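Structure assessment
Each chain, written out:
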Amino acid sequence: MQIAVIGLGRMGANISRRLIGRGHEVFVYDRNPKAATGIMGASPLDGLAAVVQKLKPPRAIWLMLPAGRPTEETIDALAPSLAKGDVLIDGGNTFFKDDIRRAEKLKERGIDYLDVGTSGGIWGLERGYCMMIGGEKRAVDRLDPIFDALAPGAGTIERTPHREGRDPRVEKGYLHAGPVGAGHFVKMVHNGIEYGLMQAYAEGFDILKGRGGEELPGDQRFDIDLADVAEVWRRGSVISSWLLDLTSMALAETPSLDTYKGDVDDSGEGRWTVDAAVEEAVAAPVITLALFTRFRSRIAHSFGEKILSAMRAKFGGHVEGALESTKRPT
């Protein structure tokens, strides 16, 4: 299938490579020309106008850009040249209410809009991407070969009992969550949960490390090897997870985590999840406190915050200290 990918950062480039590796024809564009020419097997484009000119209608264009103005401006630039039946896909972390507004405008021209919450970080090329999709069913179904190629597939994970008759795509790692906005809403809550899980690991390892403190009675001090604890918890423990895998990797590489500053950024979704909880009058104390702890981390740092930094670096290639997004996109 033919598709264009616009935005070739950490994830956009690997999404392109995974699609190429599975036989799709991929056109790529980035404002940095070297990013486009660096993807073997892709057809680089020299501008947004070329995206529309080179693709055969009905076109499929995947945007993998920062939420807010970069995505908004790109859609505004592309829309006048698109035709009825074309599909714009936003695979970034856009605020779901912005999806709804954009889709309404594009619908007037007969252009479909899909919001695709995409999880997988820098590991997606190898592992595949978990995708949560919002939009019209006919557009989602037409692009199923794209989503199927990007998804992890069923793999070796045991099937959940009593799922007979349900959408089989879910077991492959992608979900049509509902109408426009639903995909990014589910991904937003996914990232809010991620904040809470990461915070729990961070606090736990901080407590383990603190047991060696000199303020404690000598017979109650333990010099615990955190890398070994993380590794043993990966194997048969009820708290095993991919985040724990990444923590184990970071601790094995640098037990002190001195290479991580401990400033923990937030990229927007945690804030939006808390906002949604307030709108719905849903209690979300864990996610809320995890978000506020990230704010505090920019003032003073604990070992736990280095654990958070290590996890973010491992799964997403995030470099702490330069806030990715501090405000809701407009």
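Described below are features of the structure shown in this document.

Criteria and thresholds
Residues numbered from 1 in each chain as written. Predicted model: local features only at pLDDT ≥ 70, side-chain atom pairs only at ≥ 80, totals over all residues. Heavy atoms only, no water. Helix = DSSP H or I, 4+ residues; strand = E, 2+ residues; numbered from the N terminus. Contact = heavy atoms within 4.5 Å. Patch = residues over 30% accessible without salt bridge, like charges linked within 9 Å, V, L, I, M, F, W, Y side chains within 5 Å. Areas by Shrake-Rupley, 256 points an atom, 1.4 Å probe, with all protein chains shown as cover. Salt bridge = Lys/Arg side-chain N within 4 Å of Asp/Glu carboxyl O. Buried < 20%, exposed > 50% of the residue type's maximum accessible area, 1.4 Å probe, protein only. Pairing = 2+ DSSP bridges. Axes fitted to C-alpha atoms, helices over the stretch in contact; angles between N-to-C directions. Parallel < 35°, antiparallel > 145°, perpendicular 65-115°, else oblique. Left-handed = near helix turned anticlockwise from the far one by under 90°. Nonpolar A, V, L, I, M, F, W, Y, C, P; charged D, E, K, R; others polar. Phe/Tyr/Trp six-rings, centres within 6.5 Å; stacked < 30°, edge-to-face > 60°. Lys NZ or Arg CZ within 6 Å of the ring centre and 35° of its normal.

**Some words on the environment of Tyr29**
Following the sequence through the fold, Tyr29 ends up in strand β2 (residues 25-29). With 18 residues separating them along the chain, Tyr29 and Gly47 place their C-alpha atoms 6.8 Å apart. Once you skip the residues sitting within four places of it in the chain, Tyr29 turns out to touch Val5, Ile6, Gly7, Leu8, Leu45, Asp46, Gly47, Leu48 and Val51.

**Describing a nonpolar patch on the surface**
Residues Val170, Leu175 and Val186 make up a contiguous nonpolar surface patch of roughly 170 Å² in combined accessible area. Residue position: Leu175 is located in strand β8 (residues 174-178).

**Side note on the pattern of salt bridges**
Evaluation of the coordinates by the stated rule reveals 23 salt bridges. For Arg169, the salt bridge is made with Asp167, and the minimal N-O distance between the two is 2.9 Å. The partner of Arg234 in a salt bridge is Asp245, and the shortest N-O contact between them spans 2.7 Å. Note that Arg234 is positioned in the loop between α10 (226-233) and α11 (242-253) and Asp245 in helix α11, a separation of 11 residues in sequence. Here Arg234 falls in the partly exposed class, since its relative accessible area comes to 31%. Residues joined by salt bridges that share partners form a network here, namely Glu72, Asp90, Asp98, Arg101 and Arg102.

**Side note on the sheet that holds β8**
Pairing is mixed across the open sheet formed by eight strands, whose spatial order is β3-β2-β1-β4-β5-β6-β7-β8. Looking at which strands have only one partner, the edges of the open sheet turn out to be β3 (43-44) and β8. In terms of strand pairing, strand β4 (residues 60-63) meets strand β5 (residues 87-90) through four bridges, oriented parallel. Among the inter-strand pairings, Ala60 is bridged to a residue of β5, identified as Val87.

**With respect to the packing of helix α9 (residues 182-210) against α11**
Relative to each other, α9 and α11 sit at 40°, their axes nearing to 11 Å. Judged on the interaxial angle alone, α11 and α9 are oblique. With respect to the hand of their crossing, α9 and α11 are arranged in right-handed fashion. Counted together, Leu197, Met198, Tyr201 and Phe205 of α9 and Leu243, Leu244, Thr247 and Leu251 of α11 form the full contact between these two elements. Taken together, the residues of the contact of α9 with α11 sort by class into seven nonpolar, one polar and no charged.

**Considerations on the packing of aromatic side chains**
In the structure shown here, the tally under the stated rule is eight aromatic pairs. An angle of 40° between the planes, with centres 6.4 Å apart, marks the rings of Phe147 and Tyr174 as tilted. Pair noted here: Phe147 is in helix α8 (residues 144-150) and Tyr174 is in strand β8, with a separation of 27 residues, a long-range link. Three or more aromatic residues joined by ring pairs make a cluster, and in this case those are Phe95, Phe96, Phe185 and Trp272. Here the basic side chain of Arg127 rests over the ring of Trp242, its NZ or CZ set 4.1 Å away from the ring centre. Positioned above the aromatic ring of Tyr195 is the side chain of Arg294, whose terminal nitrogen or guanidinium carbon lies 3.7 Å from the ring centre.

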